[in-house]
Structure formats: structure tokens, C-alpha cells
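Observations on chain architecture
Below are the chains, spelled out letter by letter.
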Amino acid sequence: MSLHNRFALIDSTLREGEQFATAHFSSAQRIAIAEALDAFGIEYLELTSPAASPQSARDLETIARRGLRARVLTHTRCHLDDARLAVEHGAQGVNLLFATSDQLRHASHGLDLDTILERAEIVIAYLRRHGVAVRFSCEDTFRTDPSQMLRIYRAVEGMGVQRVGLADTVGIASPREVQARVALVRAALHCEIEFHGHNDTGCAVANAFCAWEAGATHIDVTVLGIGERNGISSLGGMIARLSAVDPALTAHYDLAALPAIDHMVAAMVDIAIPFDAPISSPFAFHHKAGMHTKAVLADPRSYEVLDPARFGRMRSVAVAHRLVGWHALAERARELGIVLSEPAARNAAAQIKALADHHDLNSTAVDEILYTYAE
Ligand code: HCA
Ligand code: CU
């Protein structure tokens, strides 16, 4: 595994995230999201194009001029009108995209590669004259012919972009394909490389991670992964993945703030935190079966690759069910200030298992049983 520490996260909750079915952020909400992510330590914020609506333009300006540590980017079509608006409203960088796959070119603009490059040159030159950082992305990169893709990226690098973007727009790429494409681009170019991956087949975080391993310097995420359809790589997922490789990779972020950010955005878009969300799921650090609880109580690393305390979370151990083990009950008893001998804990476990076969048990009922075994 080739590890490089140089990476930055681009949070696109205020662009890709706004494309999520139930997202309609008010200005105040946009500012709250930007500030929370900035305080978390996110390196970049990507905002909806100022060409999208008058309020989007005003909010871009408000957020770009707020003096955040995070660099404020906007995401626009490769049009001079959009680029002018981005400059006027204070964007520090512009993420440009152009559809380059056969599928999208035909369904969208119908232009050939030479025309795409002529247009890109005009917009990139304009943005550079105004001192704005530029990224150029081939929309639907993974269905774009690799040699055409390289031709475009080489050309835009020559035009002076800071960064090229690989976008798995339809979530079709596998981790190996991402690894191979990014490696191809890494070998051909010197500039920064961004990866943006959709989650249609559940590979978004894995793909983003492979992109990073292969040399991508910038990874797109959104809070909880919200975006078009079922979204893109989640901030929490990416943080979890990187933390599992080496906690030092994420030590510069305010990790304990992450669950609150997830909860805030979930409430704004009116969804629950997904049960499988890394870090923030109510169950992310919950242990149930007897074998698991015994080991995790003896050594948390047995069943936890992430330390919940780093993220302001606590481990929980379930006891009100028929898979319970006596170690978990002895631990629960200790929390209640009750001393249970091993035989007593084993008897309590047998009683609880028998009861739980027939009804739903709650933890109060379990605690009451434990008290009856107190010495
Ligand atoms: C879209 C565009 C995009 C752009 C990604 C990028 C995608 O909404 O379809 O600019 O890198 O997924 O291709 O989000
Ligand atoms: Cu996207």
C-alpha cells in the first residue's frame, strides 16, 4: 500500500449535498454548515454555482467573505458567464466540469473534444487572470475513453489548472478501476488530482480511499454522503477509513465534533442518521452477542477498529436479549454497583435468555433481575 499524507477533503454538502432529494438549505443553514465544517477543520468547501439562483450567489459571497480557514470553492459549468459570477461573488477557487463520456456528451451538449478544449481554454484563462484557483473535471470520467481523458487532462494542465478531477458520476467504478485510472493520471500529470465518487453500488468510500492510495490529493465528501440519488462518499466514512489506516492521518480534525455535524445536517434534510453510518450511527459502537461483548470488555481493540472516545462517542453493550453473555451482565452489574459472582452471572444469563426467547426485554427488566442476584 503506497501511503502519502498529502490529502485534503473537499466538503460538497453545500453543492452536491444540495442535490439530495430532501435538501433545501436556507441561507442561515448554509452558513451554519459552512461554519461547522470549518471549525471541524475541513480544508475546502464547495458551494452551489452562483448561476443557480440569486440566493445561491448571495450566499456564496457571504460565505466566501466570512474569513473561514477553509478555502471556498464554487462548482460551475465551463461557461464564461458562470466564471464571471464566481469571480464577482468572491470564490477562491472554481471547480469546472464538462461532460466527456460518449453517453453524457450525446445526451447533454453534443460537442467534440476539440470544442470542449477550446471552451475550457477561454474559461480557465479568464479565471487565472483573476487569480482564482481552477480545477477541471471530466464529468463521467469512468465512462470516458482513457486516452481521450488523458488528452483532456494534459491539455488543461497545460492551460494552468491547479487540479484535475475524476468524477464517478454514475457510481459505476470499482475500487480497482479507480485505482487504475488515478494511477494513470498520476503518472501523466504533475498537478493535484481530485476524486468525486457516487455511491450507487455502495463503493463510494472504498473508491475514494483507493483514489487516495493511487495518488489523488483531494477527495470529495458530503456530510452523511448526501447528494444526487443516494449520494457520494460521506465525510464520516472517509474519516473512519483514514483513521483505521492510521489515526495520525485524521488527528488535525476536530473529530469529536463530527457526530454533531452529522446530526445537524440529518435534521436539516429531515432524515435519520443511517444505521450503517460510520462513527455517528447510534449503533456504530454497540456490541451485542456474548462472544463480542466478552472480548470487547476485555480489550476494546478486539472488536473496535476505531476508538469511540476520539469521536466523542461511547461504547454500548446490549444486555436485554437472548444472545447475552455473562461477562456483559457482570459488567452491567458493576455499573449498577452490584457484585455478581461468576455462577450468579451465569444464572442471571440463563434466566434472561429463557425470558428473552418469549418476550421483548428492556434494560430495566434486566437490571431488576441482576438485583435479585446481588450478594
Ligand atoms: C453532477 C456533477 C458531479 C460533478 C463532479 C465533479 C458528478 O451533479 O452530475 O465536478 O467532479 O458527479 O459528476 O457531481
Ligand atoms: Cu456528483
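Residues numbered from 1 in each chain as written. Chains lettered and ligands numbered in written order. Predicted model: local features only at pLDDT ≥ 70, side-chain atom pairs only at ≥ 80, totals over all residues. Heavy atoms only, no water.

1. Quick notes on the overall build of the protein
Applicable threshold: Helix and strand definitions here come from DSSP, where helices need a minimum of 4 consecutive H or I residues and strands a minimum of 2 consecutive E residues; each element is numbered from the N-terminal end. Per-residue accessibility, obtained with a 1.4 Å probe over protein chains only, is compared with the maximum for each type, and a residue is labelled buried under 20%, exposed over 50%, and partly exposed between these values. For this analysis, residues touch if any pair of their heavy atoms sits within 4.5 Å.
Along the backbone of the protein there are 14 helices and 10 strands. If you line up the protein on its principal axes, its C-alpha atoms span 85 × 40 × 35 Å. The burial tally for the protein puts 52% of its 375 residues in the buried class. In the protein, the proportion of contacts linking residues at least 24 apart, taken out of those at least 6 apart, comes to 73%.

2. Remarks on the coordination of the copper ion (ligand 2)
Keep this limit in mind: Sites may look incomplete, because water is not among the atoms used; the donor set itself consists of N, O and S atoms within 2.8 Å of the metal (3.2 Å for Na, K and Ca).
Of the protein atoms, only Glu16 (OE), His196 (NE2) and His198 (NE2) coordinate the copper ion (ligand 2), at distances of 2.1 Å. Classification of Glu16 by relative accessible area gives buried; the value is 2%. A relative accessible area of 7% means that His196 is categorised as buried.

3. A closer look at the site of ligand 1
Inclusion rule: To be near a molecule or strand, a residue needs just one of its heavy atoms within 4 Å of it. Think of a polar contact as two N or O atoms within 3.5 Å of one another; within protein, one of them needs to be a possible hydrogen donor and the other a possible acceptor, and neighboring residues in sequence only count if both atoms come from side chains. Per-residue and other accessible areas were derived by the Shrake-Rupley procedure at a 1.4 Å probe size, with only the shown protein chains allowed to occlude residues. Each residue gets one of three labels, nonpolar for Ala, Val, Leu, Ile, Met, Phe, Trp, Tyr, Cys and Pro, charged for Asp, Glu, Lys and Arg, and polar for the others, Gly among them.
Neighbouring residues of ligand 1: Arg15, Glu16, Gln19, His75, Leu97, Arg135, Ser137, Glu139, Ala167, Thr169, His196 and His198. Within the side chain of Gln19, an N or O atom sits 3.0 Å from an oxygen atom of ligand 1. Glu139 has a polar side-chain atom sitting 3.1 Å from an oxygen atom of ligand 1. Taken by itself ligand 1 offers 350 Å² of open surface, and the protein chains cover 90% of this. With 3 residues, the top contributor of residues to the shell around ligand 1 is strand 5 (residues 133-139). Within the shell around ligand 1, the residues separate by chemical class into 2 nonpolar, 6 polar and 4 charged.

4. Considerations on helix 1 (residues 27-40)
Just so we agree on the cut-off: Multiply 1.5 Å by the residue count of a helix minus one, and that product is the helix's expected span.
Given a rise of 1.5 Å per residue, 14 residues ought to cover 20 Å, and the 20 Å separating the end C-alpha atoms of helix 1 matches this to within 8%. Where helix 1 is buried, its residues meet strand 1 (8-11), strand 2 (44-47), helix 2 (54-64), helix 9 (235-245) and helix 10 (258-268).

5. Comments concerning the pattern of salt bridges
Counted only if it meets this: Salt bridges are identified by distance alone: a Lys or Arg side-chain nitrogen within 4 Å of an Asp or Glu carboxyl oxygen.
Tallied over the full model, the rule gives 22 salt bridges. The shortest N-O distance in the salt bridge between Glu194 and Arg163 comes to 2.8 Å. One end of the pair, Glu194, is in strand 7 (residues 192-197); the other, Arg163, is in strand 6 (residues 163-168), with 31 residues separating them in the sequence. Looking at Arg163, the relative accessible area reads 4%, which means it is buried. With a closest N to O distance of 3.4 Å, Arg301 and Asp299 form a salt bridge.

6. Quick word on the packing of helix 12 (residues 326-335) against helix 13 (residues 342-356)
Selection rule: The angle between two axes is taken between their N-to-C directions and runs from 0 to 180 degrees, where each axis is a line fitted to C-alpha atoms and a helix contributes only its stretch in contact. The labels follow the angle: roughly parallel below 35 degrees, roughly antiparallel above 145, roughly perpendicular from 65 to 115, and oblique for the rest.
Running from amino to carboxyl end, helix 12 crosses helix 13 at an angle of 110 degrees, the nearest separation of the two axes being 8 Å. Taken as axis vectors, helix 12 and helix 13 run roughly perpendicular relative to one another. Only Glu342, Ala345, Arg346, Ala348, Ala349 and Ile352 of helix 13 make contact with helix 12, whose side of the interface consists of Trp326, Leu329 and Ala330.

7. A word on unusual backbone geometry
We note that Asp140 has phi near 65 degrees; this positive angle belongs to a residue other than glycine. Structurally, Asp140 is set in the loop between strand 5 and helix 6 (146-158). Judged by relative accessible area, which is 1%, Asp140 ranks as buried.

8. A look at the domain arrangement of the protein
Under the convention used in this document: Domains are outlined according to an automatic or database domain assignment. When two components associate, each loses some accessible surface as probed by a 1.4 Å sphere; the sum of these losses over both components is called the buried area.
Each assigned domain of the protein is listed with its residue range as follows: domain 1 (8-268) and domain 2 (286-372). Look at where the C-alpha atoms of domain 1 and domain 2 centre, and you get two points 44 Å apart. Counting from both sides, the interface comprises 10 residues of domain 1 and, opposite them, 5 residues of domain 2. Considering only the side of domain 1, the residues that lose the most area to domain 2 are Leu255, Ala256 and Pro259, jointly responsible for 50% of the buried surface there.

9. Looking at the packing of aromatic side chains
Two numbers describe a pair of aromatic rings. These are the distance of the centres and the angle of the planes. Heads up, the condition is: Each pair of aromatic rings taken from Phe, Tyr and Trp, with Trp reduced to its six-membered ring, is defined by centres within 6.5 Å and is described as stacked if the planes are under 30 degrees apart, edge-to-face if over 60, and tilted in the remaining cases.
Scanning the entire structure with this criterion turns up 4 aromatic pairs. Where Phe40 meets Tyr253, the ring centres are 5.1 Å apart and the plane angle is 10 degrees; that geometry is what we call stacked. Here Phe40 is found in helix 1, whereas its partner Tyr253 is found in the loop between helix 9 and helix 10, with 213 residues between them in sequence. What makes Phe40 buried here is its relative accessible area of 1%. An angle of 45 degrees between the planes, with centres 5.7 Å apart, marks the rings of Phe209 and Trp212 as tilted. Here Phe209 and its partner Trp212 are both found in helix 8 (residues 204-213), 3 residues apart, which amounts to about one turn of the helix.

10. A word on the side chain of Thr250
Locating Thr250 in the fold gives a position in the loop between helix 9 and helix 10. The exposure class of Thr250 is buried, given its relative accessible area of 0%. Within the local environment of Thr250, its side chain forms a polar contact with the side chain of Arg310, the two groups lying 3.3 Å apart. Here Thr250 is in contact with Ile239, Leu242, Ser243, Leu255 and Arg310, once residues within four sequence places are set aside.

11. Some points on the nonpolar core
Stated precisely, the cut-off is as follows: Working definition of a nonpolar core: buried Ala, Val, Leu, Ile, Met, Phe, Trp, Tyr and Cys residues. They are joined through side-chain atoms within 4.5 Å.
One finds Leu9, Phe136, Val156, Ile219, Leu235 and Ile239 to be the most contacted residues of the largest nonpolar core, which totals 90 residues. If you look at the next biggest cluster of nonpolar residues, it comprises 19 residues, including Ala328, Ala333, Ala344 and Ile352.

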